[in-house]
Amino acid sequence: MSKTLHHGLLILRVLAERPQGLTVSELADAVEVHRTVAHRLVRTLEAHQLCRRDHRRRIVLDTGLVALAEPVQQDLRTLAGPVLDELAEATRATAHLLVREGPSEMRALVVVEPREALVHVSFRPGQTHPIEQGSGGLALLGHGPYREGERAEVTEARAKGYAVTRGEVIPAVTGISAAVPSRGGEATVSIGVSVFDMTGLDALGETVVRSAARLGELLD
């Protein structure tokens, strides 16, 4: 593994988690390199418009990342967009599309916030969490065969068609998700909503299942 590339990518990840920006010294501490090394890495990333210095001379992400991110799962994001828009407006809740990354992680690929809800959950695309944590991952596990020792929520998701969790990804927030059916094999995508209120979960679950089925048809 290239240490230089590894540290450069770590800098981008750290900056993604700190949108207010960091100084070069703070970046050096965060990725555990000498300040001069961090400075060279930042200069290289700046040359490719992947980061820049704001008016306070703090390092923040730059627009070059947009061009890199645009082709990522473009077909999936294009097809999922209208489905998520409708789901967010129908439920007045934040709708999200999660994709499985490897055997143990889920990543938020698309997040759509409702336009007219007075209060809603807000989180950014790109954040990850374990597949065993949160409704999106449990929905995928419930879409597969029974596994010895699986969580009760996974077993319930297999029976109902959707998973429900409370406060596992975002404190005090309930997630309701369903796996997007795939004719090509194991489901790797889930669709869901995040809400503060725990009432009407069955109705929300059924709405999410219908959205997942619709997206599955579009992807076939």
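Residues numbered from 1 in each chain as written. Predicted model: local features only at pLDDT ≥ 70, side-chain atom pairs only at ≥ 80, totals over all residues. Heavy atoms only, no water.

(A) Looking closely at the packing of helix 5 (residues 74-91) against helix 8 (residues 201-219). Direction vectors running N to C along helix 5 and helix 8 enclose 160°, while the axes themselves pass 10 Å from each other. For the element pair helix 5 / helix 8, the angle class is roughly antiparallel. Pair helix 5 / helix 8 crosses with right-handed handedness. Residues L76, L79, A80, V83, E86, L87 and T91 of helix 5 touch helix 8, and the partners they reach there are L204, T207, V208, S211, R214, L215, L218 and L219. (Axes fitted to C-alpha atoms, helices over the stretch in contact; angles between N-to-C directions. Helix = DSSP H or I, 4+ residues; strand = E, 2+ residues; numbered from the N terminus. Parallel < 35°, antiparallel > 145°, perpendicular 65-115°, else oblique. Left-handed = near helix turned anticlockwise from the far one by under 90°. Contact = heavy atoms within 4.5 Å.)

(B) Just the pattern of salt bridges, in detail. All chains considered together, the criterion is met by 13 salt bridges. For E86, the salt bridge is made with R214, and the minimal N-O distance between the two is 2.7 Å. Note that E86 is positioned in helix 5 and R214 in helix 8, a separation of 128 residues in sequence. With a shortest N-O distance of 3.8 Å, D202 and K160 are connected by a salt bridge. Residue D202 is found in helix 8, and its partner K160 is found in helix 7 (residues 152-160); the two are separated by 42 residues along the sequence. Classification of D202 by relative accessible area gives partly exposed; the value is 45%. Taking the relative accessible area as the measure of exposure, K160 reaches 42% and is therefore partly exposed. Each of R151, E153 and E168 takes part in one network of salt bridges that share partners. (Salt bridge = Lys/Arg side-chain N within 4 Å of Asp/Glu carboxyl O. Buried < 20%, exposed > 50% of the residue type's maximum accessible area, 1.4 Å probe, protein only.)

(C) Expanded view of the pairing of strand 6 (residues 163-166). Here strand 6 shows a clear split, with A163 and T165 buried on one side and none of V164 and R166 buried on the other. Sheet topology places strand 6 next to strand 7 (residues 174-179); four bridges connect them, and they run antiparallel. When the bridges of strand 7 are listed, T165 appears paired with G175. (Pairing = 2+ DSSP bridges.)

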